Amino acid sequence: MEAALRSCSAALLLQPHSARALLRRGMVMALLGRHEEAAASLSSALELEPTNVVIHSELFKLRRRMSLRARDGKFRDRKTATGKKPWTLVPWRWLLGAVALALGAAVVTSIARL
């Protein structure tokens, strides 16, 4: 994570008005638990690109985490023992692919019986 943060900082030295670098830096800082700095980076990115949906989403998630932390005195998140949220354990694309494969096999089997 620290390497990613250094990369974002280096990119910002070359292009100080890069919304993408500010977004990435904010996301990395949020993952590192540096929420105030993350909010500042994301807010700066939002000033540069006010219509960017990804920046709005990340800033909303960060502010929600910060408010939960302030309210409860600790960070709360619904994660399993693996560290992932329950609904992200199986990507939806895999699930959709498995359903399509099962339906395809059922169709082939029913045609073969005719």
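One structure accompanies this document, and this report is about it. Source: prediction; values computed, not measured. (Residues numbered from 1 in each chain as written. Predicted model: local features only at pLDDT ≥ 70, side-chain atom pairs only at ≥ 80, totals over all residues. Heavy atoms only, no water.)

**A closer look at the environment of S7**
By the secondary structure assignment, S7 is in helix α1 (residues 2–14). On the basis of relative accessibility, which here comes to 47%, the residue S7 falls in the partly exposed class. Considering only alpha carbons, one finds S7 and A21, 14 residues apart in sequence, at a separation of 8.8 Å. (Helix = DSSP H or I, 4+ residues; strand = E, 2+ residues; numbered from the N terminus. Buried < 20%, exposed > 50% of the residue type's maximum accessible area, 1.4 Å probe, protein only.)

**Quick look at the side chain of H35**
Relative to the helices and strands, H35 is located in helix α3 (residues 35–48). In this structure H35 touches A30, L62, M66 and R69, once residues within four positions along its chain are discounted. (Contact = heavy atoms within 4.5 Å.)

**Focus: the environment of M66**
Following the sequence through the fold, M66 ends up in helix α4 (residues 53–72). Judged by its relative accessible area of 25%, M66 is partly exposed. Through-space distance from the C-alpha of M66 to that of E36 is 8.7 Å; in sequence the pair is 30 residues apart.

**Topic: the nonpolar core**
Grouped together as the largest cluster of nonpolar side chains are 16 residues, with contacts concentrated most on A38, L42, I55 and L62. In terms of residue count, helix α2 (residues 19–31) provides more of this core than any other element does, six residues in total. Those residues in contact with L42 that sit more than four places away from it in its chain are L23, G26, I55, E58, L59 and L62. (Core = buried A, V, L, I, M, F, W, Y, C linked by side-chain atoms within 4.5 Å.)

**As for the pattern of salt bridges**
Enumeration according to the criterion identifies two salt bridges in this entry. With a closest N to O distance of 2.8 Å, E37 and R34 form a salt bridge. E37 gets classed as partly exposed once you look at its relative accessible area, which sits at 37%. With a relative accessible area of 29%, R34 lands in the partly exposed category. Between E58 and K61 there is a salt bridge whose closest N-O contact spans 3.1 Å. You can see E58 and its partner K61 sitting in helix α4, three residues apart, about one turn around the helix. (Salt bridge = Lys/Arg side-chain N within 4 Å of Asp/Glu carboxyl O.)

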